[in-house]
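Fold and geometry: a report
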Amino acid sequence: MHKTLLLASAAALSLPALAADKPVFPTLNGQPPLIIAHRGASGYLPDHTLEGYAKAIELGADFIEPDLVMTKDGVLIARHEPNLKDTTDVARRAEFASRKRKMMVDGVEEEGWFASDFTLAEIKTLRAIQPRADRSKAFDGQFQIPTFDEILALRAQKSKETGRQIGVYPETKHPTYHQQLGLSLEKPLVALLAKYQLNSQKAPVFIQSFEAANLKQLRKLTSNKLVYLLDAETVRPDGVVERKMPYDHVLSGDKRSYGDMLSPANLKQVKTFADGIGPWKPYLISWQAMTDPKTGKPIDVNGDNVIDQRDMTLLEANDVVKRAHQLGLVVHPFTFRNEAKLLAANFQDNPAEEYRLFFELGVDGVFSDFTDTAVATRTLMQMR
């Protein structure tokens, strides 16, 4: 994005003034938080396409984020899940109708078409589609499914063109699942990073995973920075985050949930195998519903006949960021989106206010579907 356009976009957000006695960005290193383009420019284009990554870079992203799965012939490609049914046009391809089947993914049965049943040549005949029903389908069927190699080549090209180092933030999707198929992700991932001279602690790379066992394995293979992702099921009406079990913990008999890993003792353990954490936002700032005293169910506060984030009120931030920083861990929460139905009532339909709240909390980066909004908010805060 041209600087003049970025400044105009930032000014249009019209955020209130910052308190004069507070640092603008209380991040671990004191630098502005990173803007991580979640699946590319996914607010505007189908997820995980070269065109989407390029658009995100144009909009000012510091990092592009490819989710990685593997083909039958051992090639890393970018898809949100091994199941291709929601992000490609495979369901409309008669030649692949017989490939539809059921598979167990992290202990849950799924039906669809799975990347591990397709060669790269077959994958390249598919086209990406927008997986979210509330976003534009205008670009469905236009873009190919990229390999990780192609994404790294794009990163190198755009870094040269823009004169700034574009980072890459790959996620190993369902690593145990891939290992069980004999298609382990770890060594091919590390090899490709080495091919592009990105296999070092100082490289603009974070490797992320929802499985600690995967990160421990990667720690033995690479000096790249590693981030432990922390998921959950949902937020209960009282604001309690309903916790979820990591699949590698399920298999090993470890009884700790993702939420448990944020305790002081467990966070110290995370530091032994990761450089940062990527928590779901409510693990840092949760929200609460108004409830019917008779049923205990959430109330439609704004009267639009739908109960969503606009009916929720934020709770006070906890001390997870502070404690993580004390251990030297960066904190990169997910996922920030512009749609009003995904914003708590406190933000009054303004996504910039959500970014600002988390930036003031001290997060070191954010995963965003709308790079331009995130960058504009950060720019406006830097101007004050």
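Higher on the page you've got the structure.
Now for a description of the structure that goes with this document. (Residues numbered from 1 in each chain as written. Predicted model: local features only at pLDDT ≥ 70, side-chain atom pairs only at ≥ 80, totals over all residues. Heavy atoms only, no water.)

To continue, consider the pairing of strand β13 (residues 276-279). What you see with β13 is no split at all: Gly276 and Gly278 on one side and Ile277 and Pro279 on the other are buried throughout. Alignment of strand β10 (residues 225-230) against β13, held across four bridges, turns out to be parallel. In the strand pairing of β13, Tyr228 is matched with Ile277. The sheet contact formed by β13 and strand β16 (residues 330-331) spans two bridges and is parallel. Bridge pairing in β16 links Ile277 to Val331. (Buried < 20%, exposed > 50% of the residue type's maximum accessible area, 1.4 Å probe, protein only. Helix = DSSP H or I, 4+ residues; strand = E, 2+ residues; numbered from the N terminus. Pairing = 2+ DSSP bridges.)

What follows concerns the packing of helix α6 (residues 186-195) against helix α7 (residues 212-221). Remark: α6 packs on α7, axes separated minimally by 10 Å, with the N-to-C direction vectors making an angle of 40 degrees. As the angle between them shows, α6 and α7 are arranged oblique. Seen from above, α6 lies across α7 with right-handed handedness. Of the residues in α7, those in contact with Glu186, Lys187, Leu189 and Val190 of α6 are Asn214, Gln217, Leu218 and Leu221. (Axes fitted to C-alpha atoms, helices over the stretch in contact; angles between N-to-C directions. Parallel < 35°, antiparallel > 145°, perpendicular 65-115°, else oblique. Left-handed = near helix turned anticlockwise from the far one by under 90°. Contact = heavy atoms within 4.5 Å.)

Over its 15 residues, helix α4 (residues 148-162) extends 21 Å from the first C-alpha to the last, a length consistent with the 21 Å expected when each residue adds 1.5 Å. Listing the buried residues of α4 in full gives Phe148, Ile151, Leu152, Leu154, Arg155, Lys158 and Ser159. Buried positions in α4, seen along its axis, are confined to an arc of 155 degrees and lie on one side of it. Away from its buried face, by an angle of more than 90 degrees, α4 presents the exposed residues Lys160 and Glu161. Next to the buried residues of α4 lie α2 (50-58), β2 (63-65), β3 (67-70), β4 (76-78), β7 (167-168) and α6. (Expected span 1.5 Å × (residues − 1). Arc of directions from axis to C-beta.)

Okay, the pattern of salt bridges next. For the structure shown, the criterion picks out 29 salt bridges. Note that Asp89 and Arg93 form a salt bridge whose closest N and O atoms lie 3.1 Å from each other. For Asp89, a relative accessible area of 8% puts it in the buried group. Here Glu171 and Lys173 are joined by a salt bridge, their closest N and O atoms 3.3 Å apart. With relative accessibility at 5%, the residue Glu171 sits in the buried group. What makes Lys173 buried here is its relative accessible area of 5%. Salt bridges linked by common partners bring Arg135, Arg337, Glu339 and Asp369 together as one network. (Salt bridge = Lys/Arg side-chain N within 4 Å of Asp/Glu carboxyl O.)

Further remarks concern the packing of α4 against α6. Think of two packed helices as two axes; the pair is described by the angle between the axes and how far apart they sit. Viewed as axis vectors pointing N to C, α4 and α6 meet at an angle of 30 degrees, and their least axial separation amounts to 10 Å. Classified by the angle their axes make, α4 and α6 are roughly parallel. Crossing geometry of α4 relative to α6 is assigned as right-handed. Residues Phe148, Asp149 and Leu152 of α4 touch α6, and the partners they reach there are Leu189, Leu192, Leu193 and Lys195. Residues of the contact of α4 with α6, tallied by class, amount to five nonpolar, no polar and two charged. (Nonpolar A, V, L, I, M, F, W, Y, C, P; charged D, E, K, R; others polar.)

All chains considered together, the criterion is met by 16 aromatic pairs. Ring geometry for Phe96 versus Phe118: centroids 5.0 Å apart, planes at 70 degrees, classification edge-to-face. Taken together, the residues Phe96 in the loop between β4 and β5 (101-105) and Phe118 in the loop between β6 (108-112) and α3 (120-123) connect sequence positions 22 residues apart. On the basis of relative accessible area, Phe96 is assigned to the buried category, the value being 6%. Here Tyr169 and Phe206 contribute two aromatic rings whose centre-to-centre distance is 5.0 Å and whose plane-to-plane angle is 25 degrees, an arrangement assigned as stacked. On the criterion of sequence distance, the pair formed by Tyr169 in the loop between β7 and β8 (171-172) and Phe206 in strand β9 (residues 206-209) is long-range, its members being 37 residues apart. A relative accessible area of 6% places Phe206 in the buried class. A cation sits over an aromatic face here: Lys225 above Phe206, 5.1 Å from the ring centre. (Phe/Tyr/Trp six-rings, centres within 6.5 Å; stacked < 30°, edge-to-face > 60°. Lys NZ or Arg CZ within 6 Å of the ring centre and 35° of its normal.)

Quick look at the layout of surface pockets now. Taken as a whole, the second largest pocket holds about 300 Å³ of empty space. Lining of the second largest pocket is provided by 15 residues; of these, Asn29, Gln31, Pro32, Leu34 and Asp364 occupy positions nearest its centre. Taken together, the residues of the lining of the second largest pocket break down into seven nonpolar, four polar and four charged. (1 Å grid on protein atoms, 1.4 Å probe; cavity = no way out; pocket = protein on both sides within 12 Å on 5 of 7 lines; lining within 4 Å. Points joined across faces, edges and corners; volume = space filled by probe spheres on them.)

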